[in-house]
Amino acid sequence: MATVGSVLLPLAVVFALTAPSHCFRPLTAGESFTHRSITERALLRKTAEVCQAIAAENGDAFNLIIDDSVTPEQVVEACSPSASVVSSVALTNAIAEIYLSNANVDFLFAINAEYHFYDETFEMGRTLITQGVSAVKASADMGNFVIARSVLGEVLHTLQDFYSHSNWVELGNMAPYDALITPALPLESLAGPTVPTCTSCVGDDCTDNILPAVLDGGLLTSGYFDRFFPNKPEGKCSHGGPLDLTSTQEPVGGINKDTFDSRHGFLHQEAADLALTASLDLLENIRISVGDQEFLLLVGLSFAPVLCFVIDTTGSMGPEIAEVRRVSNNIVASRLDTGLEPPFYILVPFNDPDFGPVLQTTDATFFMEQINSLTVSGGGDLPELSLSGLQLALTAAPRFSDIFLFTDAPAKDADLRNIILALIESTRSSVTFLLTDVLNRRRKRDLLGVAPRTVTQTQAELYREIALASGGLTIEVPNSDLSMVTIVIEDSIAIAVVTVFQDVKNPGAPCNFSFFIDDTLSNITILLTGAPSLNFTLRSPTGATQTSSGVTEPLASFSLASNLRRLRLNNDSETGLWEISVNSTDPYSVKVIGQSSLDFIYNLVEVKDGASTDFFPQEGRPISGGNVSLLVTLTRSDGVSVTQVTLLNTLDGTEVNGTLQPITNSTFVVTFSNITEGTYVVLLRGETSSLTSRMASGSFQRQAPTRITTSNIVVNALPNTTIIEAGSSVTIPFTVALTNGGVIDSGAMETFTVSATNDRGFSLASPSSVTTGADSGGIASGTVTLIAPADALSGTDVTLTIAAEDAAAVNSNNVVLRFSVFRVTDIAPPVCLANTSSGCPANESLCKYFVWDFMANVTDGINGTDVEITVLEGNGTLETSTEVGPDGESITVVSYTASCCANRVVLSAVDNAGNVGRCVGQADEVDIMPTIKWNVVAKSNQVCFRGSRVFVAE
């Protein structure tokens, strides 16, 4: 009998193939609304609304009409400070992370009814939503935005499915169901397990298949769904569709509204509208809880990349740390209070035997204090835990970050190589190593009793491999020249940096490299690394040249330090085809970067049932001999057309053209067929109408720095949750198989080395190897158990990487999984009870002569926490004080005064657990006669919501 693990991979394929039929199709092109379009619209609208509110508070203009058509670049431009160029890469990427996580619910949790509100699982589905929202808030509060986005995508999927899979719309409801995001509110009028809810459809007509007794009684139900068995409770509605076997049993048909051609597709528009409104409500709830700035970081709205250093702190590293201090001070000082400072700062120290902890902060002053407090100690035994420090940085930094690692020692933890490469491929982050030569410091260190350390060529090879895979650089420099090469840090973390072209020759050989410069680019910089004997010739589109030995015509400023050569073009307006010829037999690299709002991101995806039907995020490396699909998104779409996306083979320079299928004006699915074994980079070419010159090869080009390596090993993992309760464990079944020609080799007998590690040091159990055989169909299985400590804080993220390598250590593949730690805490929102509110004149022309008052008491209960009160709507004066209630509970006394020209106030009340309540006050209209004093007080104003409370729980 096959074990669960041994059939895991085939089942995963089945789930993925069939998933699109039972939800707002996650990423479908066409007329029907999708999870992707609903999620993206909600995120962009809410982000713009937050920026608008901040602008209003600061007295600034906000020039954007907020509707469902806004684009990421429009939102970034409207929200950005005054800058010559801005990029929507971070926002575009964050949105993609969220909606791909949304789509992944149909892969990871395809048969879990509660994730889709099948089978009348309302209590369980609501628990998923409210627990997930709590995890998102806790993670955002701790700055763990990557896992927060992942959980947010899952929560939005379940929330959106409610309106498509239940009969909420058929009941005539015009507003979202508040109880879904408020655990304190009861789920009312649920159809009981034995209550019939549907009758059979008449042919294809399911217009009236919900029983009148259900509709007249306001009973809530949802369709049953099962793709393997036709069974369902007697008289119950089915979900419907060709893959729902329950829909063939009485009562036949279904009630889903996933598309216009679904059984209840005549209500698809209404369901999609409510799903969008509910998504906006949920995002507003999170925004109120975490605050505006943290919310904007959650959705990726930032105008500069993070600043991330990984630093060796052993005794020989004093001069390097001093240089890091200098560079950091320059960056912080130049950007402070400009709106263009890094969204947050990351610092990871390492030595031996220690590494970490990760410092992650939005406070530039605190970051500099921590760098200034770094001290050096120990050393002398050469190797250090550099890769352990790098692992922490890769999991802490956002995707597409630039990470800079300083050391003068080889890696003691080289066994983490596959894990590091897996994290780079998952995060698309670039790593630049600054390796310092210590020979010129031998005398000083001998005096200190510290042995000199030099990273030899062989020892540095691992660093070069990692930098190469990530699109970073390896700069090997004497300490005396360190200040001359750290300019690459400022080059890399400038605003809106894009990679135009990059290549590496190892072994070295003379070569001509061409790249296209378009008129959106500025501050164009060419970085060359190589041996001192390297020579180059730079040629402009007009034929002017500049050589490394002397200047024929001044095309670029030039600096040389150790193995780094930096050229900054003098004339950004000279567009067209440039060329640089490099003459060297030693290994070297060429990288061309600039600043532009025109860039792209890509995600590896698995396409199911045709590119226009559905696709899911793919973890790990694509399979050799199989198809590779990329979801490509431009950061601007106005006047831009993509003409070609290719995979460039880094070994022989050949290009494989992809087939483009538009999803939106700026998003494409690009499919490559039968990709051979190798390492590739993604190269995008296109045209933009703003250019004054045209070339046959395309008007602009961009290249993704991180490399894609194919593998003949496939690794799959199916966790049953992304949230781990503190003090509990999660078991992740995984499978490993060998492939041949893109399909599993069912007769292969192979032993794979398995490496499983996490970045938090949580306890885990994992096999060190797994073996395939003919009796298992060529699929090896295993499980990894990860244990979250009982004292882990809610919102802690943990990244688990499972890597498998063949016996010859030639091929490897991996999966990278992220989890959020959750602690069961207070789930009840604060309660707001109004005391009094004064009246305002019914004659609006008199409003400027009068003020009104609103008084309320807010409490989080006997065992509750402190409550923070803020004004959501209104421009009056808010005052609060604290009292102790009769049962010992803390009561926040609210006093609000405003002009009668603003006669309504909405207050938010947020407790320490992130639960959100609202207080609504409205001045009563009273007849004001000349003989009546201004301080007349009307009766207590109470805006009712499920009782006499003015509090609206969210």
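That block above? That's the structure.
1. Side note on the overall build of the protein
(1) Moving on: Helices and strands together make up the secondary structure of the protein, namely 17 helices and 44 strands.
(2) Moving on: For the protein, with 954 residues in total, the buried portion stands at 58%.
(3) Moving on: Across the protein, contacts joining residues at least 24 apart in sequence account for 73% of those joining residues at least 6 apart.
(4) Moving on: When the accessible surface of the protein is split by element, carbon and sulfur atoms take 51% of a total near 36400 Å².

2. Focus: the side chain of Thr799
(1) Moving on: Along the chain, Thr799 turns up in strand E34 (residues 797–805).
(2) Moving on: Within polar-contact distance, the side chain of Thr799 engages the side chain of Arg818 at 3.2 Å.

3. Thoughts on the sheet that holds strand E32 (residues 769–771)
(1) Moving on: One open sheet accounts for five strands, arranged E27-E35-E34-E30-E32; its pairing is mixed. The two strands at the open ends of the sheet, each matched to only one other strand, are strand E27 (723–725) and E32. For this sheet, the mean angle separating the axes of adjacent strands, direction not counted, is 30 degrees.
(2) Moving on: Here strand E30 (residues 751–758) runs beside E32; their pairing, made up of three bridges, is antiparallel.

4. Some thoughts on the environment of Gly217
(1) Moving on: Positionally, Gly217 belongs in the loop between helix H7 (212–216) and helix H8 (268–290).
(2) Moving on: We classify Gly217 as partly exposed; its relative accessible area is 44%.
(3) Moving on: Considered as a pair, Gly217 and Ala191 are 26 residues apart in the sequence and their alpha carbons are 9.5 Å apart.

5. Concerning the pattern of salt bridges
(1) Moving on: Within the structure shown, the criterion is met by 26 salt bridges.
(2) Moving on: Note that Glu579 is salt-bridged to Arg539, the shortest N-O span being 2.9 Å. Pair noted here: Glu579 is in strand E14 (residues 576–583) and Arg539 is in strand E10 (residues 535–539), with a separation of 40 residues, a long-range link.
(3) Moving on: The exposure class of Glu579 is partly exposed, given its relative accessible area of 26%.
(4) Moving on: Accessibility expressed as a relative area gives 30% for Arg539, which makes it partly exposed.

6. Some remarks on the state of the cysteines
(1) Moving on: Applying the stated rule across the entire model yields six disulfides.
(2) Moving on: One disulfide in the model links Cys51 with Cys79; its S-S distance is 2.1 Å. Across the S-S bond of Cys51 and Cys79 the torsion is about 115 degrees, and the bridge reads as right-handed. Here Cys51, found in helix H2 (residues 35–58), pairs with Cys79, found in helix H3 (residues 72–79); they are 28 residues apart in sequence, far enough to count as distant. The two residues Cys51 and Cys79 agree in class, both being buried.
(3) Moving on: In this model Cys198 forms its disulfide with Cys237; the gap between the sulfur atoms is 1.9 Å. Residues Cys198 and Cys237 are joined through a disulfide that is right-handed, its torsion about the S-S bond being 90 degrees. Here Cys237 lies in the loop between H7 and H8 and Cys198 lies in the loop between helix H6 (145–165) and H7, a separation of 39 residues in the sequence.
(4) Moving on: Under the relative-accessibility criterion, Cys198 is labelled buried at 8%.

7. Topic: the nonpolar core
(1) Moving on: Counting residues in each nonpolar core, the largest one holds 118 residues, and the members touching the most others are Tyr163, Leu282 and Leu390.
(2) Moving on: Residue contributions to this core peak at eleven residues, all from H8.
(3) Moving on: When residues no more than four places from it in sequence are discounted, the contact partners of Leu282 are Ile129, Val133, Leu152, Val155, Leu156, Leu159 and Ile181.
(4) Moving on: Core analysis: the second largest hydrophobic core is formed by 32 residues, Val324, Tyr345, Ala364 and Leu473 among them.

8. Side note on the packing of H2 against helix H4 (residues 89–108)
(1) Moving on: As a packed pair, H2 and H4 sit with axes 9 Å apart at the nearest point and diverge in direction by 140 degrees. When the interaxial angle is binned, H2 and H4 end up oblique. Between H2 and H4 lies a crossing whose hand is right-handed. On H4, the residues that touch His35, Arg36, Thr39, Glu40, Leu43 and Leu44 of H2 are Leu91, Ile95, Ile98, Tyr99 and Asn102.
(2) Moving on: Here the residues of the contact of H2 with H4 sort into six nonpolar, three polar and two charged.

9. A few points about H2
(1) Moving on: Compared with the 34 Å implied by 1.5 Å per residue over 24 residues, the 35 Å span of H2 between its first and last C-alpha is a close match.
(2) Moving on: Positive backbone phi, approximately 75 degrees, marks Gly59, located one or two places after H2.

10. Topic: the environment of Ile517
(1) Moving on: With respect to the secondary-structure elements, Ile517 resides in strand E8 (residues 511–517).
(2) Moving on: Note: C-alpha distance between Ile517 and Ser699 (182 residues apart in sequence) is 8.1 Å.
(3) Moving on: Excluding anything up to four places from it in sequence, Ile517 contacts Ile524, Asp572, Glu574, Thr575, Gly576 and Trp578.

11. Section: the sheet that holds strand E41 (residues 890–899)
One key point about sheets: their strands pair by backbone hydrogen bonds, in either a parallel or an antiparallel sense.
(1) Moving on: Across the sheet, four strands lie side by side as E36-E38-E41-E40; this open sheet has antiparallel pairing. Here the strands that pair on one side only, and so sit at the sheet edges, are strand E36 (831–837) and strand E40 (877–884). Neighbour-to-neighbour, the strand axes of the sheet open up by a mean angle of 20 degrees, direction not taken into account.
(2) Moving on: Bridge analysis of strand E38 (residues 851–859) against E41 gives nine bridges, and the strand direction is antiparallel. Note that in E41 the partner of Met855 across the bridge is Ser895.

What counts, and at which threshold
- Residues numbered from 1 in each chain as written.
- Predicted model: local features only at pLDDT ≥ 70, side-chain atom pairs only at ≥ 80, totals over all residues.
- Heavy atoms only, no water.
- Helix = DSSP H or I, 4+ residues; strand = E, 2+ residues; numbered from the N terminus.
- Buried < 20%, exposed > 50% of the residue type's maximum accessible area, 1.4 Å probe, protein only.
- Contact = heavy atoms within 4.5 Å.
- Areas by Shrake-Rupley, 256 points an atom, 1.4 Å probe, with all protein chains shown as cover.
- Polar contact = N/O pair within 3.5 Å; in protein donor to acceptor, adjacent residues only side chain to side chain.
- Pairing = 2+ DSSP bridges.
- Axes fitted to C-alpha atoms, helices over the stretch in contact; angles between N-to-C directions.
- Salt bridge = Lys/Arg side-chain N within 4 Å of Asp/Glu carboxyl O.
- Disulfide = S-S within 2.5 Å.
- Core = buried A, V, L, I, M, F, W, Y, C linked by side-chain atoms within 4.5 Å.
- Parallel < 35°, antiparallel > 145°, perpendicular 65-115°, else oblique.
- Left-handed = near helix turned anticlockwise from the far one by under 90°.
- Nonpolar A, V, L, I, M, F, W, Y, C, P; charged D, E, K, R; others polar.
- Expected span 1.5 Å × (residues − 1).

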